[in-house]
Amino acid sequence: MASFHAIAATSATLQSLLRDRYPRDAFGSGLAIELYQPKDFATPMNEGIAICLWRVTPNTARRNLPPRTDAIGRRFRPSLPIDLSYLIVPFADQAERQQRLLGWLLRAMEDLGPLVATQLNHALAESDVFADVESVDLLNDPLVLADYLTLWDRIKALPPSATYVMRLLLLDSEAGIDEFPLVQERRFDMAKAPA
């Protein structure tokens with residue numbers, strides 16, 4: 001189960017994996033692959049790939065998780081299951097190059113498949129963000145029309161892009177659950193007179 005660094009780790013992992021798989025022989029070696037915030041689309045890069053985390057939602061498939069227990073038996077509040085929505089945009093000066101980048105990007109993202117802990121723990125300085133058994137699903141997730149309209153309203157000159165969702169990221173709580181022994185007997189001191 002992942003610490004609070006998990007959101008940053010997943011974004012950095014996407015950036016790192018795309019950089020590693022980028023076909024330098026087809027596109028040259030100077031392509032930027034950057035993490036973007038929505039405000040960065042006002043003055044985008046000339047050429048490269050932007051990875052923008054634009055929405056975080058609770059995962060509705062896994063609700064009411066039980067308390068988490070660590071390796072030595074301590075109990076913590078349940079993990080928070082979330083989904084991360086990414087907008088991935090290729091930029092280029094020429095339409096043909098941009099479409100080639102988009103085609104490569106779609107194929108590369110599909111080839112990534114589920115991301116496992118060894119990949120996710122590799123991108124940040126902290127190497128223990130995810131437990132060894134954890135993984136997250138990465139899916140191409142077309143948006144509903146209302147979400148597209150919202151994006152187009154906020155990002156006026158949005159080129160062809162792809163939307164992905166990273167499902168079932170579990171954010172662990174560090175808040176422990178105190179456990180006390182079961183009640184064995186009851187005592188009522190209400191009838192005693194004060195001394």
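It should be emphasised that the depicted structure is a prediction, and the values quoted were computed from it without experimental measurement.

Visitor: Before we move on, could you go through the pattern of salt bridges and cite the residues and values that matter?
Guide: Under the counting rule described, the total for this entry stands at 6 salt bridges. We note a salt bridge from R167 to D83, for which the minimum N-O separation is 3.5 Å. Residue R167 is found in strand β8 (residues 162-171), and its partner D83 is found in strand β5 (residues 80-91); the two are separated by 84 residues along the sequence. The class for R167 is partly exposed, based on a relative accessible area of 28%. On the basis of relative accessibility, which here comes to 6%, the residue D83 falls in the buried class. Here D141 makes a salt bridge to R167, at a shortest N to O gap of 4.0 Å.

Visitor: Describe in detail the side chain of N121, supporting the description with residues and values.
Guide: Locating N121 in the fold gives a position in the loop between α4 (117-120) and β7 (135-140). At 3.1 Å, the side chain of N121 forms a polar contact with the backbone nitrogen of V129. Setting aside residues no more than four positions away along its own chain, N121 makes contact with E126, S127, D128, V129 and F130.

Visitor: Which residues make up the packing of aromatic side chains, and what are the values?
Guide: If you walk through the whole model with that rule in mind, you get 5 aromatic pairs. Counting every residue linked through ring pairs, the aromatic cluster contains Y22, F27 and W104.

Visitor: Which residues make up the nonpolar core, and what values do they have?
Guide: Core analysis: the biggest nonpolar cluster contains 35 residues, and L14, L18, W104, M109, F130 and M166 have the highest contact counts within it. No other element matches helix α3 (residues 95-112), which puts 6 residues into this core. Beyond its immediate sequence surroundings of up to four residues, L14 is in contact with I51, Y86, M109, L112, L138 and M166. Residues M45, A50, C52 and F91 belong to the second largest nonpolar core, which totals 9 residues.

So, how was this worked out
Residues numbered from 1 in each chain as written. Predicted model: local features only at pLDDT ≥ 70, side-chain atom pairs only at ≥ 80, totals over all residues. Heavy atoms only, no water. Salt bridge = Lys/Arg side-chain N within 4 Å of Asp/Glu carboxyl O. Helix = DSSP H or I, 4+ residues; strand = E, 2+ residues; numbered from the N terminus. Buried < 20%, exposed > 50% of the residue type's maximum accessible area, 1.4 Å probe, protein only. Polar contact = N/O pair within 3.5 Å; in protein donor to acceptor, adjacent residues only side chain to side chain. Contact = heavy atoms within 4.5 Å. Phe/Tyr/Trp six-rings, centres within 6.5 Å; stacked < 30°, edge-to-face > 60°. Core = buried A, V, L, I, M, F, W, Y, C linked by side-chain atoms within 4.5 Å.

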